[in-house]
Amino acid sequence: QLVLAAILFGPLFVFTVAKECSKADEHISSPSQVSSLQRQQIFKSLSLPGRFPSPTTSFEKAFEARTWQEFARRVGTQDFSVDFLLDGAGNKYLHFDYGLGDNDFGSVHPDGSAEPLIAVDDGDWRAIGATPTSLVSCLEEAAEGSANAVGQQVAKPPLVLGAPEVAAHLQ
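What comes next is a walk through the structure. Bear in mind that the values here come from a model prediction, so they are computed numbers and not experimental data.

1. As for the pairing of strand 5 (residues 104–110)
Most of strand 5 sits out of view: 6 of its 7 residues are buried. Pairing analysis gives 7 bridges linking strand 4 (residues 92–99) to strand 5, with the strands arranged antiparallel. Following the sheet pairing, tyrosine 93 is matched in strand 5 by proline 110. If you look at the hairpin formed by strand 4 and strand 5, you'll find 4 residues sitting between the two strands. When strand 5 meets strand 6 (residues 118–121), the two strands line up antiparallel, connected through 3 bridges. Along strand 6, the bridge assignment pairs glycine 106 with valine 120.

2. Digging into the state of the cysteines
Linking two cysteines covalently through their sulfur atoms gives a disulfide. A full pass over the atoms with the stated rule returns 1 disulfide. Shown here is the disulfide that connects cysteine 21 with cysteine 138, its sulfur atoms set 1.9 Å apart. With the S-S bond torsion at 115°, the cross-link from cysteine 21 to cysteine 138 turns out right-handed. You can see cysteine 21 sitting in the loop between strand 1 (15–17) and strand 2 (22–23) and its partner cysteine 138 sitting in helix 5 (residues 133–143), a full 117 residues away along the chain. For cysteine 21, a relative accessible area of 2% gives the class buried.

3. Considering the pattern of salt bridges
The final tally for this structure, using the stated rule, is 9 salt bridges. Within the structure, one salt-bridge network assembled from shared partners comprises Glu26, Lys92 and Asp111.

4. Description of the sheet that holds strand 7 (residues 124–127)
Taken in spatial order, the 6 strands make up an open sheet running 2-3-4-5-6-7, and their pairing is antiparallel. Here the strands that pair on one side only, and so sit at the sheet edges, are strand 2 and strand 7.

5. Topic: the environment of phenylalanine 84
Along the chain, the position of phenylalanine 84 falls in strand 3 (residues 80–86). For the pair phenylalanine 84 and alanine 142, spaced 58 residues apart in the sequence, the C-alpha separation amounts to 9.9 Å.

6. Quick notes on the side chain of histidine 109
Relative to the assigned elements, histidine 109 resides in strand 5. A distance of 2.7 Å separates the side chain of histidine 109 from the side chain of serine 107, its partner in a polar contact. Among the polar contacts listed, one links the side chain of histidine 109 to the backbone oxygen of alanine 114, at a separation of 2.9 Å. Those residues in contact with histidine 109 that lie beyond four places of it in its chain are Gln41, Lys44, Ser45, Lys92, Tyr93, Leu94, Phe96, Ala114, Glu115 and Pro116.

7. Some points on the packing of aromatic side chains
Counted under the stated rule, the structure contains 8 aromatic pairs. Geometrically, the ring pair formed by phenylalanine 63 and phenylalanine 71 is tilted, given 4.9 Å between the ring centres and 50° between the ring planes. Neither phenylalanine 63 nor phenylalanine 71 differs from the other in exposure class; each is buried. By way of ring pairs, the aromatic residues Phe43, Phe59, Phe63, Trp68, Phe71, Phe80, Phe96 and Tyr98 are connected into one cluster.

8. Brief notes about unusual backbone geometry
Even without being glycine, aspartate 122 reaches a positive phi, approximately 55°. Structurally, aspartate 122 can be placed in the loop between strand 6 and strand 7. A relative accessible area of 38% places aspartate 122 in the partly exposed class.

9. With respect to the pairing of strand 3
Taking burial as the measure, the 7 residues of strand 3 include 5 buried ones, the bulk of the element. As judged from the 2 bridges shared by strand 2 and strand 3, these two strands associate in the antiparallel manner. Across the sheet, residue serine 22 finds its bridge partner in strand 3, namely leucine 86. When strand 3 meets strand 4, the two strands line up antiparallel, connected through 7 bridges. Paired with phenylalanine 84 across the bridge in strand 4 is leucine 94. In this antiparallel pair of consecutive strands, strand 3 and strand 4, the connection spans 5 residues, and glycine 90 shows a positive phi of 90°.

Rules of the game
Residues numbered from 1 in each chain as written. Predicted model: local features only at pLDDT ≥ 70, side-chain atom pairs only at ≥ 80, totals over all residues. Heavy atoms only, no water. Buried < 20%, exposed > 50% of the residue type's maximum accessible area, 1.4 Å probe, protein only. Helix = DSSP H or I, 4+ residues; strand = E, 2+ residues; numbered from the N terminus. Pairing = 2+ DSSP bridges. Disulfide = S-S within 2.5 Å. Salt bridge = Lys/Arg side-chain N within 4 Å of Asp/Glu carboxyl O. Polar contact = N/O pair within 3.5 Å; in protein donor to acceptor, adjacent residues only side chain to side chain. Contact = heavy atoms within 4.5 Å. Phe/Tyr/Trp six-rings, centres within 6.5 Å; stacked < 30°, edge-to-face > 60°.

If you want it as structure tokens, here you go:
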């Protein structure tokens, strides 16, 4: 019965207790170096509800900027930065951070997906969809440079199990 339930209800998400989330030592030195997927992520970030940047040029032209400061001016934000974050399972995320007032705005996207998992609204990090709040807290602490991200629960990539694999995991 359990095998049938696993097959009927689709992918199973496996969670693990991580040692800690951290910043990766990886950088994108200029907007012209972003991939097409990263452009999609940035567009989705700037398009989240409650964001009202005042662009001075087209979105595509903004990526011709030589610096992130120039990019920010072109897309209508006070500043703009990109960080790479890692959860304890080694999954990589892109964190976009920009100013639109007193506090930070932005988003966090899994590497390889345009859709955000986390929205940063006026300094507050919040989960989007089924993103575990423990992952939100862990990545937020990593982005802010806190060493207190130990023991947070983080999502591993979905594990899709067929009938033989489910049966093997149940034994």
